[in-house]
Structure formats: C-alpha cells, structure tokens
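# Descriptive structure summary
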Amino acid sequence: AFAALSPPAPPATLVVQVQERLPLGWRLCAFGTSFTVLARPPHYAALGVHMKPPPPSPFAGSLLSPMPGTLHSVAVEVGERVALGQELCVVEAMKMQNVLVAERDGVVSELYATPGDTLAADQPIVGFEK
C-alpha cells in the first residue's frame, strides 16, 4: 500500500537582522546566532566545483576556549587517556569559573596553554591524538 503524500508546507517566514554587508554577502543574526551568508551569481556558483576544499585546521579535534578569559587550571597531562565528560581545564571569565570537559574519549597529545595564560575565544588549549 502507498501512503498519500501531502503537498509541501508553505515556507515559514524568518526574520533576521542584517549586522554587516560583506563583499560577497551579508552577516545576519537570527535567534541570537550570527551567520555569514554568501550571495553569488549563478555563473560564479557553477565555478565553485573547480575550487579546492579548504585545508583542515591544524587544531581540528582540539579543545578550544569557548570565550576570552584566563586559564585557571589544567587537570590533564600529555599522554593521559581521557573519557567523555572528564574535566580537562577551568577557564575564568568575568569572575566566573567555567569547567571544560572532554567531548570524546582520547589521549592528550599536547597542552597549548598553561595556567595563568590569557586566552582568546577559539584559542586551542588541549590537543588530542588523532
């Protein structure tokens, strides 16, 4: 037996805030999150298949600082095996201590920062073996 297919629902209205006009698009804000949207003519988009993909980040899979702050403490050492949810370090930002935990099981390969270091947002703190 075949199920009857219903027609697609009409598109929902989405209200966004334009934060900035960029050379090839816009930076938009919706639901408190910022998005970069590219707008290219169709003939530019067709040429995109010939572009190389961007190289992977050397810090892919590393623990990154979620915010600017100071590294208060590090609870792991190089070579230590960590489990999902295990405490890795504490970042202090605006007088609040934020405990950062492992997002997966792994082995610590490198410590990119030491306690007392000032961290920028998205700065690597702990590296893991691949």
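Above this text you will find the structure in question.
Residues numbered from 1 in each chain as written. Predicted model: local features only at pLDDT ≥ 70, side-chain atom pairs only at ≥ 80, totals over all residues. Heavy atoms only, no water.

## Thoughts on the pairing of strand β8 (residues 96-101)
Selection rule: Only strands joined by at least two bridges in the DSSP assignment are considered to pair. Numbering of helices and strands runs from the N terminus; a helix is a DSSP stretch of H or I covering at least four residues, while a strand is a stretch of E covering at least two.
Bridge analysis of strand β7 (residues 87-93) against β8 gives 6 bridges, and the strand direction is antiparallel. Bridge assignment links Glu 87 to a residue of β8, and that residue is Val 101. The hairpin formed by β7 and β8 contains 2 residues between the paired strands, and Met 94 there has a positive phi angle of roughly 50°.

## Description of the packing of aromatic side chains
Filter applied, for reference: Only Phe, Tyr and Trp rings take part, Trp by its six-membered ring, and two of them pair if their centres are within 6.5 Å. Stacked means planes under 30 degrees apart, edge-to-face means over 60, and tilted covers everything else. Burial classes follow relative accessibility: with a 1.4 Å probe on protein chains only, a residue under 20% of its type's maximum area counts as buried, one over 50% as exposed, and anything between as partly exposed.
Enumeration over the complete set of coordinates arrives at 1 aromatic pair. Aromatic side chains Phe 59 and Tyr 112 sit 5.2 Å apart centroid to centroid with 90° between the ring planes, which places their arrangement in the edge-to-face category. Here Phe 59 is found in the loop between α1 (42-47) and β4 (63-64), whereas its partner Tyr 112 is found in the loop between β9 (106-111) and β10 (118-119), with 53 residues between them in sequence. Residue classification places Phe 59 among the partly exposed positions, given a relative accessible area of 34%.

## Quick notes on the pairing of β9
Pairing of strand β6 (residues 81-82) with β9, which is carried by 2 bridges, proceeds in the antiparallel orientation. Across the sheet, residue Val 82 finds its bridge partner in β9, namely Gly 106. In terms of strand pairing, β9 meets strand β11 (residues 124-128) through 3 bridges, oriented antiparallel. The residue bridging Glu 110 from the neighbouring strand is Gly 127, located in β11.

The quantities given are spatial measurements derived from coordinates; they are silent on function.
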